[in-house]
Amino acid sequence: VLDLSMPGRSGLELLRRRAQRQPAVRVLVFTKHHGPAKVEQFQRAGMDRLREKSVAMTAFLEQRIRARVGQVLDIRTPPDPGQRGCQLSLRVRGPRDEGRALFESLDRAGIVADWREPDVIRVAPVPLYNRLADCARFVDAVAAWAASR
């Protein structure tokens, strides 16, 4: 039994390592997303392909942030994909209130992020639910927010 979201570790990374070391061991994965359609989608995609897409999407998001809004956001997450899963922890270069203002602007734009005190915005492109266009939309929204300041 494996939870994909655990404090300090990525369930996907643990699953990948387990598959390399013990390919015959079966793993039961739990997720808060319910319904047979989601389970079937997960099974069709396969863990290796999901992890590959996850790494690629997060790398794309990281690259776009650095290229377009690097003067606005500081990426606090380790650069090694094995240490970060699919999420990036971001901090606005400026006072906490600016970070909160960006978070609220993203929320108004329909972009789901996570606010962590004291001043971190977490974003996580999830390969079953997001596309590269969603990553680009996030960066566009940050750039628009910064231009309006």
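None of these values were measured; they are calculated from a predicted model. (Residues numbered from 1 in each chain as written. Predicted model: local features only at pLDDT ≥ 70, side-chain atom pairs only at ≥ 80, totals over all residues. Heavy atoms only, no water.)

Peer 1: What should I look at first to understand the side chain of D74 in this one?
Peer 2: Along the chain, D74 falls in strand 5 (residues 73-75). Among the polar contacts made by the side chain of D74, one reaches the side chain of R76 at a distance of 2.9 Å. When neighbours within four sequence positions are excluded, D74 is seen to be in contact with S89, L90, R91 and R93. (Helix = DSSP H or I, 4+ residues; strand = E, 2+ residues; numbered from the N terminus. Polar contact = N/O pair within 3.5 Å; in protein donor to acceptor, adjacent residues only side chain to side chain. Contact = heavy atoms within 4.5 Å.)

Peer 1: I would appreciate a short explanation of the pattern of salt bridges in the present structure.
Peer 2: Opposite charge on two side chains permits pairing when their charged atoms draw close. Scanning the model with the defined rule gives 13 salt bridges in all. Put simply, R84 and E62 hold a salt bridge, and the shortest N to O gap is 3.1 Å. Of this pair, R84 sits in the loop between strand 5 and strand 6 (88-92) while E62 is found in helix 3 (residues 47-69), placing the two residues 22 residues apart along the sequence. This pair shows no difference in class: R84 is buried, exactly as E62 is. Of the charged contacts in the structure, one is a salt bridge between E117 and R96, with a shortest N-O distance of 2.9 Å. Highlighted residues: E117 in the loop between strand 7 (114-116) and strand 8 (120-123) and R96 in helix 4 (residues 96-108), separated in sequence by 21 residues. Relative accessible area serves as the criterion here: at 54%, E117 is assigned to the exposed category. Looking at R96, the relative accessible area reads 35%, which means it is partly exposed. Here the residues in one salt-bridge network are E62, R66 and R84, joined through shared partners. (Salt bridge = Lys/Arg side-chain N within 4 Å of Asp/Glu carboxyl O. Buried < 20%, exposed > 50% of the residue type's maximum accessible area, 1.4 Å probe, protein only.)

Limitation: the analysis is restricted to geometry and does not speak to function.
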